[in-house]
Every structure is written in structure tokens, then in C-alpha cells.
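Architecture at a glance
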Amino acid sequence: MNSSWREGQWRRLVSAALLFGLVVTPATVMGDESGAQAAGQARLANLVVQDCGSCHGLTLRGGLGPPLRPEDLGDLSVEAIAAIIREGVPDTAMPPWKPLLSPKEIHWISQQLKSGALVSP
């Protein structure tokens with residue numbers, strides 16, 4: 001088997017696993033109520049650890065994907081991080097998340113990654 005076929009299969013498998021995780025985890029609209037907002041943020045934090053962590057490492061130190069710790073994000077702005085999450089990275093295993101996450105959710109994740117709030121010791 002050639003490597004491009006295996007890479008394509010690997011991408012489809014990763015995308016399917018990520019989609020499955022999001023379908024099983026019900027979406028919470030992050031509203032004005034603090035309880036609903038806290039629940040939405042907890043769900044998103046879990047998504048980062050479980051789904052993003054499957055490629056970027058459960059402690060975000062890297063794996064198949066690059067590390068996502070604040071020191072590794074360097075000069076990337078919150079907006080640049082959000083664009084990567086929203087659009088994905090072509091020719092890599094990083095899928096676009098815009099079909100599955102709202103702009104507000106993507107922005108929240110980007111802020112948390114940049115600040116290091118989701119990093120495990």
C-alpha cells in the first residue's frame with residue numbers, strides 16, 4: 001500500500017473519531033446564565049483535553065500534532081489560534097472545527113490555550 005493511501009485513511013479515521021466525540025458530547029450554547037456558561041466551558045475544556053489531546057497530547061505537550069502550551073504558541077494571537085481551529089490546517093491531520101463549534105466556542109478555546117488555563121502540570 002502506498003503512503004498517501006494510508007495517510008488518507010489515517011485522516012479519515014482521526015476525523016471520524018473527533019466527530020464521534022462531538023456527536024456523543026451534546027453541544028451547549030454558551031449563554032448569559034452563569035450555570036449554563038460554566039457547563040459550556042467545562043464541556044469545551046473536556047473537548048480540548050480529550051479530542052485535541054488525542055493528537056496534541058493529553059497534557060498538550062505534542063504528539064501527532066504540535067504542542068499547544070503558551071510557550072509553544074509563541075507570537076500567535078488569539079485570533080490566529082482561532083483561525084487555525086476554525087479552518088484547520090490543509091495537508092495535515094488538523095480538521096476544520098467550524099462545522100462543529102460556534103465562533104464563540106472557538107474564541108474561548110483560543111483564549112484558554114493562549115493563557116495556559118487548560119494546561120495540565
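Rules of the game
- Residues numbered from 1 in each chain as written.
- Predicted model: local features only at pLDDT ≥ 70, side-chain atom pairs only at ≥ 80, totals over all residues.
- Heavy atoms only, no water.
- Core = buried A, V, L, I, M, F, W, Y, C linked by side-chain atoms within 4.5 Å.
- Buried < 20%, exposed > 50% of the residue type's maximum accessible area, 1.4 Å probe, protein only.
- Helix = DSSP H or I, 4+ residues; strand = E, 2+ residues; numbered from the N terminus.
- Contact = heavy atoms within 4.5 Å.

Moving on, we get to the nonpolar core. The nonpolar side chains of a soluble globular protein tend to be buried, and buried together. Formed by 17 residues in total, the largest nonpolar core has its most connected members in Val48, Ile85, Leu101, Ile109 and Leu113. When contributions to this core are tallied by element, the ones reaching two or more residues are α2 (34-56), α4 (78-87) and α5 (103-115). If we ignore the near neighbours within four places in the chain, the residues touching isoleucine 109 are Leu44, Leu47, Val48, Ile85 and Leu101.

Among the secondary structure elements, valine 48 is positioned in helix α2. Along the backbone, valine 48 and leucine 118 are 70 residues apart, and their C-alpha atoms lie at a distance of 7.8 Å. Ignoring sequence-local partners within four residues, the contact set of valine 48 consists of Gly53, Leu60, Ile109, Leu113 and Leu118.

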